Amino acid sequence: MTTGPLTSFLALAIGFALAGAVVSLYQAVTARRAGFYLLGESGVNRYAAALMLAFAAPLLILRNVLAMPAAVDPRARIFGVAAATVAASLWSLGSGAALLTILHF
């Protein structure tokens, strides 16, 4: 295996691990469930939430999709799960690549 796909897979895995760590840390510190509702906070909390959500979003996207109620049309649910998986994977790949770049790994 060449280093390109291996680095991409490593970035994807690190991105998902980073998302899980950020969400778990937030929930341990604040005793509140992390979610996109944090963007509705006011003042400095909104900027802190945006920074936190930049790395936590892949996990939150997948968690929201898995908690989604069953749709009337099963095809719509399958499309929603597929689209969310692609979006979360690309977001995780980007955040993992950013972390790898910061660490110069």
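Conventions used here
Residues numbered from 1 in each chain as written. Predicted model: local features only at pLDDT ≥ 70, side-chain atom pairs only at ≥ 80, totals over all residues. Heavy atoms only, no water. Helix = DSSP H or I, 4+ residues; strand = E, 2+ residues; numbered from the N terminus. Expected span 1.5 Å × (residues − 1). Buried < 20%, exposed > 50% of the residue type's maximum accessible area, 1.4 Å probe, protein only. Contact = heavy atoms within 4.5 Å. Salt bridge = Lys/Arg side-chain N within 4 Å of Asp/Glu carboxyl O. Core = buried A, V, L, I, M, F, W, Y, C linked by side-chain atoms within 4.5 Å. Axes fitted to C-alpha atoms, helices over the stretch in contact; angles between N-to-C directions. Parallel < 35°, antiparallel > 145°, perpendicular 65-115°, else oblique. Left-handed = near helix turned anticlockwise from the far one by under 90°. Nonpolar A, V, L, I, M, F, W, Y, C, P; charged D, E, K, R; others polar.

Attention shifts here to helix 1 (residues 3–30). Compared with an ideal rise of 1.5 Å per residue, which puts 28 residues at 40 Å, helix 1 spans 40 Å between its outermost C-alpha atoms and is within 8% of the ideal. All of the buried residues along helix 1 are Ala11, Gly15, Ala19, Gly20, Val22, Val23 and Tyr26. Among the structural elements, helix 2 (44–66) and helix 3 (74–103) are those in contact with the buried residues of helix 1. Directly beyond the C-terminal end of helix 1, a positive phi value near 60 degrees is found at Ala31.

Moving on: unusual backbone geometry. Of note, the phi angle at Ala31 is positive, near 60 degrees, even though the residue is not glycine. Tracing the backbone through its elements, the reader meets Ala31 in the loop between helix 1 and helix 2. Since its relative accessible area comes to 71%, Ala31 is described here as exposed.

For the rest of this paragraph, the subject is the pattern of salt bridges. A side chain with one charge may pair with a side chain of the opposite charge, provided their charged atoms come close. What the rule picks out here adds up to one salt bridge. The partner of Arg32 in a salt bridge is Glu41, and the shortest N-O contact between them spans 3.3 Å. For Arg32, a relative accessible area of 35% corresponds to the partly exposed category.

With 30 residues, helix 3 extends 43 Å between its outermost C-alpha atoms, agreeing within 8% with the 44 Å of an ideal straight helix rising 1.5 Å per residue. Here helix 3 has its buried residues at Ala84, Ala88, Ser92, Ser95, Gly96 and Leu100. For helix 3, the secondary structure elements touched by its buried residues are helix 1 and helix 2.

Further remarks concern the nonpolar core. Counting residues in each nonpolar core, the largest one holds ten residues, listed as Val22, Val23, Tyr26, Ala34, Leu38, Ala49, Met52, Leu53, Ala56 and Leu60. The leading source of residues in this core is helix 2, at five residues. Non-local contacts of Ala49, meaning those with residues more than four positions away in its chain, are made with Leu38 and Leu39.

Checked against the element boundaries, Gly15 lands in helix 1. Among the residues examined, Gly15 registers a relative accessible area of 0% and is labelled buried. C-alpha of Gly15 to C-alpha of Trp91: the two residues are 76 residues apart in sequence and 7.9 Å apart in space. Residues within four places of Gly15 in sequence aside, it is in contact with Ser92, Ser95 and Gly96.

A separate point is the environment of Phe9. Of note, Phe9 is situated in helix 1. On the accessibility criterion, Phe9 (57% relative accessible area) is exposed. Between the C-alpha atoms of Phe9 and Ala98, which are 89 residues apart in sequence, the distance is 14 Å.

A separate point is the packing of helix 2 against helix 3. Packing of helix 2 against helix 3 brings their axes to within 9 Å, and their N-to-C directions diverge by 165 degrees. With respect to helix 3, the element helix 2 is oriented roughly antiparallel. Crossing of helix 2 against helix 3: the hand is left-handed. In this structure, helix 2 uses Leu53, Ala54, Phe55, Ala57, Pro58, Ile61, Leu62, Val65 and Leu66 to contact helix 3, whose residues at the interface are Arg77, Val81, Ala84, Thr85, Ala88, Trp91, Ser92 and Ser95. Partitioning the contact of helix 2 with helix 3 into residue classes produces 13 nonpolar, three polar and one charged.

Shape descriptors only; they carry no functional weight alone.
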